[in-house]
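# Coordinate inspection notes
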Amino acid sequence: MFKRIFGKSKIEKSLLEEQKNLSKNDLIPTHIAIIMDGNGRWAKKRAMPRIAGHHEGMKTVRKIARCADDVGIKILTLYAFSTENWKRPKQEVDFLMSLPQQFLKSFMPEIMERNIRVQLIGEKDELPQTTKAVLNEAMEKTKDNTGLILNFAMNYGSRAEIVKAMKDIMIEVRDGKLTIDDINEETINDYLMTSQLPEPDLLIRTSGEVRLSNFMLWQLAYTEFWFTDTLWPDFDEQCFMEAILDYQKRNRRYGGLKGEEMN
Ligand code: FPP
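Residues numbered from 1 in each chain as written. Predicted model: local features only at pLDDT ≥ 70, side-chain atom pairs only at ≥ 80, totals over all residues. Heavy atoms only, no water.

Once that is clear, we can look at the side chain of serine 207. Along the chain, serine 207 turns up in the loop between strand 5 (202-205) and strand 6 (224-227). A polar atom in the side chain of serine 207 sits 3.2 Å from the side chain of aspartate 37. (Helix = DSSP H or I, 4+ residues; strand = E, 2+ residues; numbered from the N terminus. Polar contact = N/O pair within 3.5 Å; in protein donor to acceptor, adjacent residues only side chain to side chain.)

What follows concerns the UniProt feature "binding site: Mg(2+)" (unreviewed entry) in the protein chain. This chain's UniProt record puts "binding site: Mg(2+)" (unreviewed entry) on Asp37 and Glu224. In the annotation above, Asp37 are the residues that line the largest pocket. On the basis of relative accessible area, aspartate 37 is assigned to the buried category, the value being 17%. Ignoring sequence-local partners within four residues, the contact set of aspartate 37 consists of Arg205, Thr206, Ser207, Glu209, Leu231 and Trp232. Structurally, glutamate 224 is set in strand 6. If sequence neighbours within four positions are ignored, glutamate 224 has contacts with Asp201, Leu202, Leu203, Tyr247, Arg250 and Arg252. (UniProt positions renumbered as here; feature names shortened; annotations may be inferred. 1 Å grid on protein atoms, 1.4 Å probe; cavity = no way out; pocket = protein on both sides within 12 Å on 5 of 7 lines; lining within 4 Å. Buried < 20%, exposed > 50% of the residue type's maximum accessible area, 1.4 Å probe, protein only. Contact = heavy atoms within 4.5 Å.)

Tracing the backbone shows threonine 77 in strand 2 (residues 75-82). The exposure class of threonine 77 is buried, given its relative accessible area of 0%. One polar contact links threonine 77 to asparagine 151, side chain to side chain, over a distance of 3.0 Å. Among residues more than four places away in sequence, those in contact with threonine 77 are His31, Ile32, Ala33, Ile34, Ile121, Asn151, Phe215 and Met216.

On to the pairing of strand 2, then. Across the eight residues of strand 2, seven count as buried, placing the element largely inside the fold. Here strand 1 (residues 31-35) runs beside strand 2; their pairing, made up of five bridges, is parallel. Counterpart to isoleucine 35 in the pairing with strand 2 is tyrosine 79. Of the strand pairs in this sheet, strand 2 and strand 4 (residues 149-156) are connected by seven bridges, and their pairing is parallel. Of the residues in strand 4, the one forming a bridge with serine 82 is tyrosine 156. (Pairing = 2+ DSSP bridges.)

On to the UniProt feature "active site" (unreviewed entry) in the protein chain, then. According to UniProt, the positions carrying the feature "active site" (unreviewed entry) are Asp37 and Asn85. On the basis of their most widely separated C-alpha atoms, the annotated residues across 49 residues gather in one place, lying no more than 12.3 Å apart. Of the residues annotated just before, the largest pocket has Asp37 and Asn85 among its lining. Along the chain, aspartate 37 falls in the loop between strand 1 and helix 3 (39-45). Along the chain, asparagine 85 falls in the loop between strand 2 and helix 5 (90-113). By relative accessible area, which is 15% here, asparagine 85 ends up buried.

Next up, the structure:
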């Protein structure tokens, strides 16, 4: 499978080597979330329009989805459009909204071949009709696929998600379907858009920015963070592997202590 994707390059060899290590210590993150940043700067460096950076970024999405699938990641959540991104120039917003269609048009056969399931978090109803339709179609077509979940965050904002969850819980209390005492962390989790997914194990943000930008604030409570200066269009399999290998060295304690530390 690797041969088909990467060819017989140096990178392939080192990835295969890393893959061996990955499966050896069995610490492959289940869920990786990525804040894909730096498309604009990538384009600016080349005196190209910002949308050229987004187009290149879309190619990286394909590359990293393949790689995630190859190494056995179960869920890849990608921050593709935030609720704040509507403030960008109309031409850029229109282009970003056209990306799912461009992406799915060329990648759908491989999505099916790889048994990938497309999912979405975010306020779908506010998306342009065509964007919504292509995403709905992709979700419907892949709903029985059991491989990698490719989860796009489109028109997603974590605070808005939490506000909506709170309101929905209040409605349940008002209608007598829940009591105040029923509400705990699990309940809140159940009302978030990610209710069917485990929390991310690893968050990657590219382009040197070190902030969360309203992304999965509740869900990232115990997630390991990995930042890189690499701009998203330049992010590749090697960078992705580096992040995973670094994750494997971390000691996740969830606020407690591990085995020998207890003595
Ligand atoms: C942030 O970079 C990136 C975005 C707002 C868009 C990310 C979208 C993609 C990478 C493609 C998504 C693909 C699909 C299939 C939906 P920026 O523009 O803020 O970069 P800058 O900080 O350098 O200006």
